[in-house]
Amino acid sequence: MNNVLKDRVFLVTGAAGGVGREIVKQLTEEGAKVVATDIADNVHELAKEFPNAKIVTAVGDVSKSADVEKIFSTGEAKFGPIESLINNAGYMIGKALHETSEEEWDAVMTGNAKSFFLCAKRALPNMLKAGKGSITATGSISSVVGLPSQAAYCASKGAVLQFVRQLAVEYAGNGIRVNAVGPGAINTPFLTRYLAGLPDPEAGAKAVKDAHPMKRWAEPDEVAKALIFLASDNAAFITGHILMVDGGYVAG
Ligand SMILES: NC(=O)c1ccc[n+]([C@@H]2O[C@H](COP(=O)([O-])OP(=O)(O)OC[C@H]3O[C@@H](n4cnc5c(N)ncnc54)[C@H](O)[C@@H]3O)[C@@H](O)[C@H]2O)c1
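Residues numbered from 1 in each chain as written. Predicted model: local features only at pLDDT ≥ 70, side-chain atom pairs only at ≥ 80, totals over all residues. Heavy atoms only, no water.

K.L.:
What is the right way to read the overall build of the protein from this model?
P.N.:
In terms of helices and strands, the protein carries eight helices and seven strands. Over its C-alpha trace the protein gives a radius of gyration of 17 Å, about what one expects of a compact globule, namely 18 Å for 252 residues. For the protein, the spread of C-alpha atoms along the principal axes amounts to about 50 × 40 × 35 Å. Among the 252 residues that make up the protein, the fraction classed as buried is 50%. Residue pairs at least 24 apart in sequence account for 69% of intrachain contacts in the protein once pairs closer than 6 positions are excluded. In the structure as shown, the protein presents an accessible area of about 11,400 Å², 56% of it carried by carbon and sulfur atoms. Positive and negative charge centroids in the protein, built from 25 and 27 side chains respectively, lie 6 Å apart. (Helix = DSSP H or I, 4+ residues; strand = E, 2+ residues; numbered from the N terminus. Rg over C-alpha atoms; globule rule 2.2 N^0.38 Å. Buried < 20%, exposed > 50% of the residue type's maximum accessible area, 1.4 Å probe, protein only. Contact = heavy atoms within 4.5 Å. Areas by Shrake-Rupley, 256 points an atom, 1.4 Å probe, with all protein chains shown as cover. Lys, Arg positive; Asp, Glu negative; His and termini not counted. Charge placed at Lys NZ, Arg CZ, Asp CG, Glu CD.)

As C-alpha cells, then:
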C-alpha cells in the first residue's frame, strides 16, 4: 500500500470481531500504530497474535463515554493523538418492529449510533488541532435499504450513514474526511449468530448468499481493505461517501 499507513495512528473499535481483527492485521502489517479496542476481553489476544506489531489493546464499551475516554487515553499515552478512527463495533437484534421491545431498540441504537457519536466526538479535537484526520465507519447494506427483521438495526445503520455525511460536510474545511463502508453479509461471528437464530440456518445461509448478485458473502479481509482504503490518504479527495462492499446487493 505505498507506505501511506506507516506509523499512522489508528483506533479500531470492535477489534476482537471478525472484521476488526482483519483491520488490525492489515494495518499492523503495513506498519501502522494501532489502538485495538473491544468490549470483549479477548481483544488482548491481538497483541500476542501479532507480536511484532505496533499495537496497544484496550477493553471498554464504546457506547459509554467514560469507557471511550479510558480507551482514547490509553491509546494516546502509547502512540499520541489518534489520526484515524475506524468505527467498526456493531450490534444487531434481528426483529421486526412489532416484536422489538423498547430496551432492544435502545440497545441497538446505543450500540451502533451513540457509540459512533461518542468516539467521533472524542477523536475530533485532536484532528481539528492537527488540521487533518479521517473517520471511517462500518455501515451496512442496512444503511441504505430496508431489510426484513432488522427494524432497529436498519434505523441505527441509517443513522450511521447520515452522521457520516453530516460530519463530512461539517469538517471538510478542517482537513478531516469522514466515510463509511456498506457491507453485505460478512463471514464473521455476527453472521453466524444471525443464522443460528433462524428456524433453518442452512436454508437461511443459502438465502443470504442468493440475495447477493455474486451469490456469496464477503470475507472479513475484503471489508477491512475497503475501510483501510477510505481511512488512508489513498482516498484523499473522498469524503461523505459510502463504499458498498456487497457483491452487487444494492445495485439491483
Ligand atoms: N457480519 C455481517 O454480516 C455484517 C454485515 C454488515 C455490516 N456488519 C457490521 O460490521 C461491523 C463488524 O462486525 P463483524 O461482522 O466483525 O461482527 P463481530 O460480532 O464479529 O464483531 C463485532 C465486534 O464489536 C464488538 N462490540 C459490539 N458492541 C460493542 C460495544 N458497545 N463496545 C465495544 N465493542 C463492541 C463485539 O464485541 C465484537 O467483537 C459491525 O459494525 C456490523 O454491524 C456486519
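K.L.:
Before we go on, may I ask you to explain the layout of surface pockets in this structure?
P.N.:
Rolled over the atoms, a probe as big as a water molecule pinpoints where empty space is left. In this structure, the second largest pocket spans a volume of roughly 220 Å³. Along its surface, the second largest pocket is lined by 14 residues, and R8, E83, A130, K132 and G133 are the ones closest to its centre. No other element matches helix α4 (residues 102–130), which puts four residues into the lining of the second largest pocket. Looking at the lining of the second largest pocket residue by residue, the classes come out as four nonpolar, four polar and six charged. (1 Å grid on protein atoms, 1.4 Å probe; cavity = no way out; pocket = protein on both sides within 12 Å on 5 of 7 lines; lining within 4 Å. Points joined across faces, edges and corners; volume = space filled by probe spheres on them. Nonpolar A, V, L, I, M, F, W, Y, C, P; charged D, E, K, R; others polar.)

K.L.:
What should I look at first to understand the packing of α4 against helix α5 (residues 151–171) in this one?
P.N.:
In helix packing, the relevant descriptors are the interaxial angle and the interaxial distance, both defined with respect to the helix axes. The interhelical angle for the contact between α4 and α5, taken along N-to-C directions, is 15°, at an axis separation of 8 Å. On the basis of the axis angle, α4 is roughly parallel to α5. Note on packing geometry: the crossing formed by α4 with α5 is right-handed. Each of W105, V108, M109, N112, A113, F116, F117, A120, L124 and L128 in α4 lies in contact with α5, whose residues at this interface are A151, A152, Y153, A155, S156, K157, A159, V160, F163, V164, L167 and Y171. When the residues that make up the contact of α4 with α5 are grouped by side-chain class, the tally is 19 nonpolar, two polar and one charged. (Axes fitted to C-alpha atoms, helices over the stretch in contact; angles between N-to-C directions. Parallel < 35°, antiparallel > 145°, perpendicular 65-115°, else oblique. Left-handed = near helix turned anticlockwise from the far one by under 90°.)

K.L.:
Mind showing me how you'd approach the site of the ligand here?
P.N.:
Close to the ligand lie 27 residues; D38, D61, Y153, T188 and R193 are nearest. In this structure, V19 approaches the ligand through a main-chain N or O atom, which is 2.9 Å from an oxygen atom. At 2.9 Å, a backbone N or O of I186 approaches an oxygen atom of the ligand. Starting from 820 Å² of accessible surface for the ligand in isolation, the protein chains cover 91%. Looking at the shell around the ligand, the elements that each hand over two or more residues are α1 (18–29), α5 and α6 (189–196). Looking at the shell around the ligand element by element, the count peaks at four residues for α6. Across the shell around the ligand, the residue classes tally to 12 nonpolar, 11 polar and four charged. (Near = heavy atom within 4 Å. Polar contact = N/O pair within 3.5 Å; in protein donor to acceptor, adjacent residues only side chain to side chain.)

K.L.:
How should I be thinking about empty space enclosed by the protein in this particular structure?
P.N.:
Per the counting criterion, the structure on display carries one cavity of 30 Å³ or more. Put simply, the largest cavity is a space of about 30 Å³. As for the largest cavity, its lining consists of N87, N88, A89, N112, A137, T138, K157 and V160. Here the residues of the lining of the largest cavity sort into three nonpolar, four polar and one charged.

K.L.:
Would you explain the nonpolar core in this entry?
P.N.:
The tendency in soluble globular proteins is for nonpolar side chains to be buried side by side. Grouped together as the largest cluster of nonpolar side chains are 32 residues, with contacts concentrated most on L11, F72, L85, F116, I135 and V178. When residues of this core are traced back to their parent elements, those giving at least two are β1 (9–13), β3 (54–59), α3 (65–79), α4, β5 (133–138), α5 and β6 (176–183). No other element matches α4, which puts seven residues into this core. Those residues within four positions of F72 in sequence are excluded, and the remaining contacts are L11, I82, L85, C119, R122 and A123. By size, the runner-up hydrophobic cluster in this structure holds 29 residues, among which are V12, V19, V43 and L230. (Core = buried A, V, L, I, M, F, W, Y, C linked by side-chain atoms within 4.5 Å.)

K.L.:
I would appreciate a short explanation of the packing of aromatic side chains in the present structure.
P.N.:
Given two aromatic rings, their pairing is described by the distance between the two centres and the angle made by the two planes. Overall, the coordinates contain two aromatic pairs when judged by the stated rule. Arranged with centres 4.9 Å apart and planes meeting at 85°, the rings of F116 and F163 form a pair that is edge-to-face. Here the residue F116 occupies a position in helix α4, and F163 occupies one in helix α5, the gap between them amounting to 47 residues. Centroid distance Y153 to F190: 5.9 Å. Interplanar angle 50°. Geometry classified as tilted. One end of the pair, Y153, is in helix α5; the other, F190, is in helix α6, and 37 residues separate them in sequence. By relative accessible area, which is 7% here, Y153 ends up buried. Lying over the aromatic face of W217, K209 brings its terminal NZ or CZ to 4.5 Å of the ring centre. (Phe/Tyr/Trp six-rings, centres within 6.5 Å; stacked < 30°, edge-to-face > 60°. Lys NZ or Arg CZ within 6 Å of the ring centre and 35° of its normal.)

Just geometry here; none of it tells us what the structure is for.
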